[in-house]
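Here's the letter readout for the chains.
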Amino acid sequence: MTNGHPDLLKGLRAEQARDVLALGKRLVLSSGAELFPLGAPADALYVILRGRIRLTLPMQVRGGEEQVLVEERSPGQAVGWSALTPPYRFTLTATAPLETEVLALSRETLRAHFDAHPDAGLVVAMNLAAVIGERLQLFQTMWLREMQRTVELRCA
Amino acid sequence: MAVCISVLGLAVAAMAFGAATRPERVAAQPGVQPQPAQAKARFFVEPTARPPIPIEALLAQIENHVRLEQAAAESFMEYPTPALLHSKTTSTFVN
């Protein structure tokens, strides 16, 4: 959260951020509830207002499928940016480990708003690029560390 | 005639040689089964199989490993150096 605004809206003027937030629909998730499953159509982006969201991927463990934590997001952060990038399908499963409130911003509503307010759209698009870029670098680093361990095991 | 007798003699000799050199068949003994090779006892370590850890504990180890790796990756992203990229983890999942 930056200056009280979600990360995706940082750099917007107060009234611009307010207008974007007014487009959203508040959802309250009970503890353990699923926000979206892997592979589902991604029609909305979610900004976490309170609580926490766990992003998981299925992993085969001892012949059974288990959800393994990939990332955890906290208030002010956005989840579900697959809603803004083709093919608009969620690539992770999102669940609330405790009672959590999110703001759902539908892709179509955002697109219509940013068509009418391209300056705000540009700021949000840049913020989105920063979020995606950061995640790419993070996972690239984690992947390389795992590869390094594999190399060390093979060469031991 | 002489050729026929020679060929016949050669055939008989070959059969006799084959019978003499054929390995003796040993009937399988019903009570004896092949035994799997046993692990040799080491000096300080008993060769007992470790019981698998409970799945909840394993998943907790994986989750802790992911958190530690993310923290390590974030440190690298803040100040990228080869040393930080290859910093050793304390994760019990890989140690």
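Thresholds applied
Residues numbered from 1 in each chain as written. Chains lettered and ligands numbered in written order. Predicted model: local features only at pLDDT ≥ 70, side-chain atom pairs only at ≥ 80, totals over all residues. Heavy atoms only, no water. Contact = heavy atoms within 4.5 Å. Buried area = accessible area lost by both parts, 1.4 Å probe. Salt bridge = Lys/Arg side-chain N within 4 Å of Asp/Glu carboxyl O. Polar contact = N/O pair within 3.5 Å; in protein donor to acceptor, adjacent residues only side chain to side chain. Buried < 20%, exposed > 50% of the residue type's maximum accessible area, 1.4 Å probe, protein only. Helix = DSSP H or I, 4+ residues; strand = E, 2+ residues; numbered from the N terminus. Pairing = 2+ DSSP bridges. Axes fitted to C-alpha atoms, helices over the stretch in contact; angles between N-to-C directions. Parallel < 35°, antiparallel > 145°, perpendicular 65-115°, else oblique. Nonpolar A, V, L, I, M, F, W, Y, C, P; charged D, E, K, R; others polar. Arc of directions from axis to C-beta.

Visitor: What is the right way to look at the interface of chain A and chain B in this model?
Guide: Where interface size is quoted, it is often the accessible area lost as the parts come together. The partner chain B presents 25 residues to the 22 residues of chain A that form the contact. Summed over both partners, the interface of chain A with chain B comes to about 2,000 Å²; 59% of that surface belongs to carbon and sulfur atoms. At the junction of chain A and chain B, the tally comes to five salt bridges. A salt bridge links Arg-149 of chain A to Glu-69 of chain B, with the nearest nitrogen and oxygen atoms 3.0 Å apart. At the surface where chain A touches chain B, the tally comes to ten residue pairs in polar contact (both at pLDDT 80 or more).

Visitor: Got a minute to help me understand the pairing of strand E3 (residues 44-50) of chain A in this structure?
Guide: Residue and element names in this part refer to chain A. The buried fraction of E3 is high, at five of seven residues. Taken together, the six bridges between E3 and strand E8 (residues 100-106) define a ladder with antiparallel strand orientation. Considered in E8, the bridge of Tyr-46 is made with Ala-104. Here E3 pairs with strand E6 (residues 78-79) via two bridges, running antiparallel. Note that in E6 the partner of Val-47 across the bridge is Ala-78.

Visitor: Got a minute to help me understand the pairing of E8 of chain A in this structure?
Guide: A regular strand places its side chains so that they alternate between the two faces of the sheet. Residue and element names in this part refer to chain A. The element E8 is extensively covered by neighbouring structure, given that six of its seven residues are classed as buried. The pairing of strand E1 (residues 25-29) with E8 spans five bridges and is classified as antiparallel. Across the sheet, Val-28 pairs through a bridge with Glu-101, a residue of E8.

Visitor: Sorry if this is basic, but what is going on with the side chain of Gln-16 of chain A here?
Guide: Residues and elements named next belong to chain A. Its location among the elements puts Gln-16 in helix H1 (residues 14-21). When its relative accessible area of 12% is taken as the criterion, Gln-16 is described as buried. Of note is the side chain of Gln-16, whose polar atom sits 2.8 Å from the backbone nitrogen of Arg-13. Apart from residues lying up to four places away in sequence, Gln-16 is in contact with Asp-119 and Ala-120.

Visitor: In this structure, what is going on with the packing of helix H2 (residues 107-116) of chain A against helix H3 (residues 118-155) of chain A? I would like to understand it.
Guide: Helix packing for two helices is described by the angle between their axes and how far apart those axes are. All names here are of chain A. For the pair H2 and H3, interaxial distance at closest approach is 5 Å and the crossing angle is 125°. The angle between the axes of H2 and H3 places the two elements in the oblique class. Contacts from Phe-114, Asp-115 and Ala-116 of H2 reach H3 at Pro-118, Ala-120, Gly-121 and Val-124. Split into classes, the residues belonging to the contact of H2 with H3 amount to five nonpolar, one polar and one charged.

Visitor: What should I look at first to understand H1 of chain A in this one?
Guide: Along an α-helix, a turn takes 3.6 residues, which lines up residues three or four apart on a common side. Residue and element names in this part refer to chain A. Of all the positions in H1, only Gln-16, Ala-17 and Val-20 are classed as buried. Looking straight down H1, one finds its buried side chains confined to an arc of 95°; they lie on one side. Along its buried surface, H1 packs onto E8, H2 and H3.

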